Structure formats: structure tokens, C-alpha cells
Amino acid sequence: MPPPAALVRTARCLWRGQWLTLMGGLGPADAEGRYRRPAAAFAERPSLPAAAAEPSGHVLIVGRSCPWAHRAWLTWTLRGLADSIDLLVVEPDPAAGRWRFATPFAGCTTLAELYRTSGSAAGAPATVPALYSRSQGRILVNESARLIELLNDWPGAGPDLWPTAQREMIERWRERLQGSVNDGVYRCGFARNQAAYDEAEAELFSTLEALEEQLQRGVAAGEGWLCGAEVSLADVVLFPTLIRLELVYAPLFGCSRRPLWQFPALAGWRARFFALPGVAASCFPEAWRRDYFGSLFPLHPSGIIPAGADLASLVAGPGGLPLPGKPPLSPG
Ligand SMILES: N[C@@H](CCC(=O)N[C@@H](CS)C(=O)NCC(=O)O)C(=O)O
């Protein structure tokens, strides 16, 4: 029996090699160990289909735990698209590492099959969200950044979330949020070494500080949203990451330098967004914790799902009181 220290050294060494192999299954990294998100199979924004207004002509495929799908789901909700685009929620299959349909869809039982019938390259990741055209029998777009732009153009009853007058500012924030916050939490969690994690973590929290300042200025001017008085795509992309912060990204991805309650304007903004009609119905804290802690084996080998804070307490002030600031704004 080797002494415990030698045993630990050996286990560490063996585990490190296996861990890096397993992490490769979660996504690629560059030579410095920084996580790099793979490109989407149907990455271009298509033009608005001629049959856009046709009821049930299109299907938005989402998963409950995915933040990229969540932004598409929110855009679909806020734009009032339920009458023209069906929403289809796929289920995770953690043992197989893929999404599956609860009941067969378009002759397919898994999302990977639907990707293949849509013409995606063999081995390309079958990701959510994806917008499927029933008449064309294929996926039109699966890059969420482009998909939400398309959904904003789709004829719907809800407000314009990407107005021309604010577009430059919205784009500046979207660009920064995409790299340092939306993907930033994954760059923390999927970093292969300390330096890669430190870089991503610093960028994440400096952006949260910039957001806090921006929102404080806005609230002082009587404007409750990131780019002014109306909700925009910049708010839409921020919410899925921030609503998962305490439940998943802080404990699992190491995004825990400062809890969100220490950013009062940002916490108030999150509470206001959560209160918008239809938003709470797109939030599934149990599914988030189950899918992240249960599926990301290399980050959490025990598979034990930790208890998490009650979502209602996260979108309320201390003692469950409503947060100070403006009352919820309607998206209309
Ligand atoms: N570029 C995509 C990324 C979407 C993505 O990574 N989705 C994950 C869930 S959060 C997924 O479906 N992964 C399945 C897989 O990689 O096989 C987007 O923003 O739409």
C-alpha cells in the first residue's frame, strides 16, 4: 500500500489526463486552454420566410436548461409569436449526451436526426435553439444571435426589441455581453487551466460592474432597461445568464466573486425583467440544476444535484420584499 501522499499524486496525475480528455467532449479549447465555442451548423440569418405569418408553419425548438435557447424563447414571448410559431421543448438525454423529442417530430426521435435530415455535416453538434420550417422540412437557423434578430422581424403583436434609433447602442452591448457574459460564464467553467479561468472571470466581473454603472445611470434618469426606456434585445440576451447565476454558474462554473445582490441596480433590473409577462413561465430552476449538475460530468463527477435558492427569493429584495426602483414596465 503506497503512502497516501503518493497515492494522491498518482491519482492527480492520472485524473488530469482523463479530465482533459473528458473536457474535450464538452467543447474545444485553444492552445492556451481557453474554451472556444464551436460554430453553429446553420449560422446565417435567413431572410424572413414568405410564409412567416402562416399559423404553425414554423417551430422553435428549445431546451429548458439552455441559456441560448432561453433568449430565443424570450424573444418569441415578448414579440407575441405564439400564433405563428409553435414552441417545441426537447428533453435532455444525459446518458447519450444529446437532445431527444418527447414524441417523434418530423419522423425523428432525436434532434441529431433532425439536423441530419436538414443537411448538417456529419458530427456537427445538434444544438438548441433551432428554427424549423414545416413547409421546407428543414432547420433554417440555429445560431441564437441571428435567430433572435429574425424573430424580431417576424410579424408579431409585441414591441420592436431592436429599434433602429437604439440599434448602435444595443449592438455594442450585445457584442460585449456575448463574449464576456453569455459565453463568459462558459469560458470560466470550461477553462482548462487557472490562467484561462482567471482571464474569463476578470472579464465577466468587469462587465457586470459596467452593467451596474449603466443601469444606475439609467434608473436615475427614469429608464429601467439597458438601452433606455424600453426592453431591447440587449436585455433579452443578458437575462438567461443572470437568472442562472446563483443557481448554476456561481457554484458550478466558479462565477462567484460577487453575488448579484451586491450589484443593486442589476438585481433590480433582473427582478423587473422576471416580472414581464410570460418570462416566469420560461424559467425552470429545477431543470437548470438537474441538467447542469447532472450532465456536466467532468465538472461534477458525483452527479449530486445541490439544493438551490428559491427563484422567487432571487428576484426579490432582502426579506422577500420587492426591490427598490421602478415598478415592472410592460413590454408594450
Ligand atoms: N451557437 C449556439 C450555441 C447553442 C448551444 O451551445 N446549445 C447547447 C445547449 S446550451 C446544445 O444544444 N448543446 C448540444 C450539443 O452540443 O450537442 C447558439 O447560440 O445558438
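What counts, and at which threshold
Residues numbered from 1 in each chain as written. Predicted model: local features only at pLDDT ≥ 70, side-chain atom pairs only at ≥ 80, totals over all residues. Heavy atoms only, no water. Phe/Tyr/Trp six-rings, centres within 6.5 Å; stacked < 30°, edge-to-face > 60°. Helix = DSSP H or I, 4+ residues; strand = E, 2+ residues; numbered from the N terminus. Buried < 20%, exposed > 50% of the residue type's maximum accessible area, 1.4 Å probe, protein only. Lys NZ or Arg CZ within 6 Å of the ring centre and 35° of its normal. Domains from an automatic or database assignment. Salt bridge = Lys/Arg side-chain N within 4 Å of Asp/Glu carboxyl O. Polar contact = N/O pair within 3.5 Å; in protein donor to acceptor, adjacent residues only side chain to side chain. Contact = heavy atoms within 4.5 Å. Near = heavy atom within 4 Å. Areas by Shrake-Rupley, 256 points an atom, 1.4 Å probe, with all protein chains shown as cover. Nonpolar A, V, L, I, M, F, W, Y, C, P; charged D, E, K, R; others polar. Lys, Arg positive; Asp, Glu negative; His and termini not counted.

**Here we look at the packing of aromatic side chains**
- Considering all chains together, one arrives at 17 aromatic pairs under this definition.
- With a centroid separation of 6.0 Å and 75° between ring planes, the pair formed by Phe253 and Tyr292 is classed as edge-to-face. Placement of Phe253 in helix H8 (residues 245-253) and of Tyr292 in helix H10 (residues 285-295) is noted, with a sequence separation of 39 residues between them. Per residue, the accessibility class of Phe253 equals that of Tyr292, and both read buried.
- Members of the aromatic cluster, joined through ring pairs, are Tyr35, Trp68, Tyr186, Phe190, Tyr249, Phe253 and Tyr292.
- Seen from the ring of Trp162, Arg167 lies directly overhead, with NZ or CZ sitting 3.6 Å from the centre.

**As for the domain arrangement of the chain**
- When its domains are assigned, the chain resolves into domain 1 (58-153) and domain 2 (164-320).
- Here the C-alpha centroids of domain 1 and domain 2 sit 23 Å apart.
- Here domain 1 is connected to domain 2 by one salt bridge.
- Between Arg174 and Glu149 there is a salt bridge, with its nearest N and O atoms 3.0 Å apart.
- The interface formed by domain 1 and domain 2 holds 10 residue pairs in polar contact (both at pLDDT 80 or more) in total.
- Within the residue set of the side of domain 1 that touches domain 2, elements represented by two or more residues are helix H2 (67-78) and helix H4 (144-153).
- If you tally residues by element for the side of domain 1 that touches domain 2, the top one is H2, at nine residues.

**Re unusual backbone geometry**
- Across the junction of Val128 and Pro129, the peptide omega takes the value 0°, indicating a cis bond.
- Structurally, the position occupied by Pro129 is in the loop between helix H3 (111-117) and strand E5 (130-133).
- A positive phi is found at Ser56, a non-glycine position, where the angle reads about 60°.
- Relative to the helices and strands, Ser56 is located in the loop between helix H1 (4-26) and strand E1 (58-63).
- A relative accessible area of 31% means that Ser56 is categorised as partly exposed.
- In the Ramachandran plot, Ala106 falls in the positive-phi region, its phi being about 50° despite a non-glycine side chain.
- Checked against the element boundaries, Ala106 lands in the loop between strand E3 (98-105) and strand E4 (108-110).
- On the basis of relative accessible area, Ala106 is assigned to the partly exposed category, the value being 46%.

**Focus: the side chain of Thr110**
- Here Thr110 shows up in strand E4.
- Within polar-contact distance, the side chain of Thr110 engages the backbone nitrogen of Glu113 at 3.2 Å.
- Excluding residues within four positions of it along the chain, Thr110 makes contact with Arg98, Trp99, Arg100 and Phe101.

**With respect to the site of the ligand**
- The environment of the ligand is formed by 13 residues, the closest being Cys66, Trp99, Val128, Glu143 and Ser144.
- One nitrogen or oxygen atom from the side chain of Arg37 is found 3.0 Å from an oxygen atom belonging to the ligand.
- Between the ligand and Glu143, the relevant distance is 2.8 Å, taken from a nitrogen atom to a side-chain nitrogen or oxygen of the residue.
- When the ligand is considered free in solution it has 520 Å² of accessible area, and contact with the protein chains removes 78% of it.
- When grouped by side-chain class, the residues that make up the shell around the ligand number eight nonpolar, three polar and two charged.

**Notes on the side chain of Asp235**
- Following the sequence through the fold, Asp235 ends up in helix H7 (residues 233-243).
- One buried charged side chain, Asp235, makes no salt bridge at all; its nearest oppositely charged neighbour is Arg272, positioned 7.6 Å away.
- At a separation of 2.9 Å, a polar atom in the side chain of Asp235 contacts the main-chain amide nitrogen of Leu226.
- Contacts of Asp235, omitting those with residues within four sequence positions, involve Trp225, Leu226, Glu230, Trp269 and Phe273.

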